Protein chains: 2
Amino acid sequence: MNYSKHITHALQNDPPGEWMPTLPDQCIRLSSGFPSKELVPVKEINKATSKLLDEEQDLPLHYLGTPKLDAIKEQLIHRLEKRDLRANSNQLLVTAGACQAIDLIARIFLDEETLVVVEDPTYMEALEIFRNYTNRLICIPVDEKGLRTDKLEEFLEMRQSQGQSLPRFVYTIPTFQNPTGTTMPLARRRHLLALASHYDFHILEDDAYGELYFNKELPTLKSLDKENRVLYVGSLSKVVAPGLRIGYIVATEELITSLYWFKKDLDHPFTQAIMSTYLANNDQQTHLEILRKAYMQKRDCMIKSLNEHMPSIVHWIVPEGGYFVWVEVQGIDTNQLLQDALDRGVAYLPGRYFFLNPNNGKHYLRLSFSYASMEEIETGVKLLADLIKEKKQNL
Amino acid sequence: MNYSKHITHALQNDPPGEWMPTLPDQCIRLSSGFPSKELVPVKEINKATSKLLDEEQDLPLHYLGTPKLDAIKEQLIHRLEKRDLRANSNQLLVTAGACQAIDLIARIFLDEETLVVVEDPTYMEALEIFRNYTNRLICIPVDEKGLRTDKLEEFLEMRQSQGQSLPRFVYTIPTFQNPTGTTMPLARRRHLLALASHYDFHILEDDAYGELYFNKELPTLKSLDKENRVLYVGSLSKVVAPGLRIGYIVATEELITSLYWFKKDLDHPFTQAIMSTYLANNDQQTHLEILRKAYMQKRDCMIKSLNEHMPSIVHWIVPEGGYFVWVEVQGIDTNQLLQDALDRGVAYLPGRYFFLNPNNGKHYLRLSFSYASMEEIETGVKLLADLIKEKKQNL
């Protein structure tokens, strides 16, 4: 097939969604980064849709014309203001989810030879996206406090001293990282921003989980950014519902204009208007409080189960928010383990999909406490622990 | 700003949506390619949403999991079967509207130096999209019977005889073309397919209006295609509602896999599931019969008004389906005329936006009979006719 040069290269990578296991019926889904069944506001979205169509009739069903396309931007701006993040309506683009946001940003910045820094490990969908654009991904390790900005600085110093090109941007999930659940402390955040300023690069801040803190809230990179270096990506997928595909980008007016240029699915009037109506009629502070409390309970449940059942070769990081627990299983290949786990009725994501070099993820796996019920979490962790214990005996 | 090489070039074109006039309040919209207010199934979509959420609860609000993601593909396949167009579920991709479909196809095929043939005039959004990818657009004229395939053949012969590269694909709207409303007769369709075979190129068939015929139906290029050369783009925007953003591509399994690779907004479970529920509960043959009858009446109304009011310097093509009437106004610059028309309360789209060389559209304009009511169509055409008569006196 005569594809474009660029695409021919991209198609040599693993196909999208390779990481997604085929789940047997009744399998406990500790793999899915889905919100909790009970916390998705089904009734409220149903009500919002009726209200919207009763009030606006055909308006939200056309290409444009519903006032809600402006309203949702104002609502998102207001939401961000509460987190000390200021933007006007020309500095915000509503996207079809955070993935599209990341894809659009990659599209305007990356050529095949452009350097991009990602966290090691990082969000598998973001890896897939960046690989579609560039061959020059650089990974910098994450520890229990997120991105190792000291290692990043070493790398940048070395490149500069050798007269080599510097990265166009650093992609980071500073808060409740996917997959590690880690959070960068304030000092590292400031360090990263100082590096961006000194070495003149952008930061692509993915904040999909930022509102889901269990204890304290840390300022976003964007709110600390004095030089417009941060492109901020937010999402309502984890805090309302992913099926509506509502994400957003905050950046300079110039960048937003350029990003919209290539967004050829255009606006999504119906879902944006439904979301706007939902937001207007359901207090979000109350909703977020409920989510934080519920997800903290589920996190506690998962950590308790891990403590109770896992053998000593297994270690994990306790997250202070978000959806995920990152687990190290010494001496066991988590990719090989997966089929046995699925056969026993529990699913997780093997570490390999989160690393640029899949081998580095061999002994890791990501557990999600967001979707499964507490009962399922307990059962699932126990099933997995039993399996690991058996495998350990055979080591 | 350090954009990627490719994007820097694209940003030098007119920004997207330049063609969209800012409408004064109460302006009669003969500019908008929107479906008729009365024909958008507002109540049915409202009902479908309630039914869906009652039955499936949170399922359609997650990233995946609703059976409707498969169901809508089956429904579209069944819909196409009735038009002699056969596909299996691996040969169909649901997109967020036809624009995204065209964008994805452009993305996998086009480099900056890739030749693409477009109709002259053609759909302004498609022009915008292709310009984002290549500098090598070639336009072949449209007459009252659509694309001049004889001119295309001359062009291809010349390129080949001079040892020059041939086009990667020809973009065409063979049925009720946007903006001219013209339809390619069967002989031209066969000729185009024969050329594609002989000169080894693809055809990108945009069939957004194909179901809206007033008299007889012609076979799609895809249904006549024996060599898998046609990538077929369909849309439910003009026959259900554009705000849900449901389009689709039919192509080979290999192409569909490649196209999905770059669709980073992912599936849109909520709108796809609503549309699927709507389709399952509302007989589409009946619905299409209603649309055809209503749009034919509106077309008749517009043609009658043009006949009654327009001076002799104005000519138009009578469409046999779709949404548009293409109008030539000899001696008058339709771009200059627009502000006066808006001031008097009627909007149209100037011809310039549909041509690769805007000057070629100077004396043309596109009228849409789809959105405005019959009363508005009569008034709007009269207002425009009066304005043209005045301008003519000053020529």
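Coordinates for the structure precede this section.
Predicted model, so just to flag it, every value in this text is computed and none were measured.

Asker: What is the right way to read the pairing of strand S8 (residues 230-235) of chain B from this model?
Answerer: The two faces of the sheet receive side chains in turn, since in a regular strand these alternate between them. Residue and element names in this part refer to chain B. Most of S8 is tucked away: six of the six residues are buried. Bridge count for S8 against strand S9 (residues 247-250) is four bridges, and the pairing is antiparallel. Residue pairing in the sheet places Val233 in a bridge with Ile249 of S9.

Asker: Got a minute to help me understand the packing of helix H6 (residues 149-161) of chain A against helix H7 (residues 186-199) of chain A in this structure?
Answerer: Residues and elements named next belong to chain A. Packing of H6 against H7 brings their axes to within 10 Å, and their N-to-C directions diverge by 15 degrees. By the angle class used here, H6 and H7 are roughly parallel. You can see that H6 and H7 cross each other, and the crossing is left-handed. Counting all contacts with H6, which are made through Thr149, Asp150, Leu152, Glu153, Leu156, Glu157 and Gln160, the residues of H7 involved are Arg188, His191, Leu192, Leu195, His198 and Tyr199. Counted by class, the contact of H6 with H7 contains five nonpolar, four polar and four charged residues.

Asker: Explain unusual backbone geometry to me, please; I cannot follow it from the model alone.
Answerer: Residues apart from glycine generally show negative phi values, whereas peptide bonds are mostly found in trans. Between A:Asn178 and the following residue, A:Pro179, the backbone shows a cis peptide bond with an omega angle of 15 degrees. At A:Phe176, a residue that is not glycine, the phi angle is positive and equals roughly 55 degrees. Of note, A:Phe176 is situated in the loop between strand S6 (169-172) and H7. On the basis of relative accessible area, A:Phe176 is assigned to the buried category, the value being 3%. Phi is positive for B:Leu266, close to 60 degrees, though the residue is something other than glycine.

Asker: Would you take a moment to explain the relation of the copies chain A and chain B for this structure?
Answerer: Think of it as a corkscrew move, a rotation about one axis and a shift along it, taking one chain copy to the other. Expressed as a screw transformation, the operator carrying chain A onto chain B has a rotation angle of 180 degrees and an axial translation of 0.0 Å, and the superposed copies differ by an RMSD of 0.0 Å. Look at the turn and shift together and you get a two-fold axis relating the two. Of the residues that chain A buries at the interface, 100% are likewise interface residues in chain B, meaning the two copies contact each other through the same surface.

Rules and cut-offs
- Residues numbered from 1 in each chain as written.
- Chains lettered and ligands numbered in written order.
- Predicted model: local features only at pLDDT ≥ 70, side-chain atom pairs only at ≥ 80, totals over all residues.
- Heavy atoms only, no water.
- Buried < 20%, exposed > 50% of the residue type's maximum accessible area, 1.4 Å probe, protein only.
- Helix = DSSP H or I, 4+ residues; strand = E, 2+ residues; numbered from the N terminus.
- Pairing = 2+ DSSP bridges.
- Axes fitted to C-alpha atoms, helices over the stretch in contact; angles between N-to-C directions.
- Parallel < 35°, antiparallel > 145°, perpendicular 65-115°, else oblique.
- Left-handed = near helix turned anticlockwise from the far one by under 90°.
- Contact = heavy atoms within 4.5 Å.
- Nonpolar A, V, L, I, M, F, W, Y, C, P; charged D, E, K, R; others polar.
- Least-squares fit on C-alpha atoms with pLDDT ≥ 70 in both.

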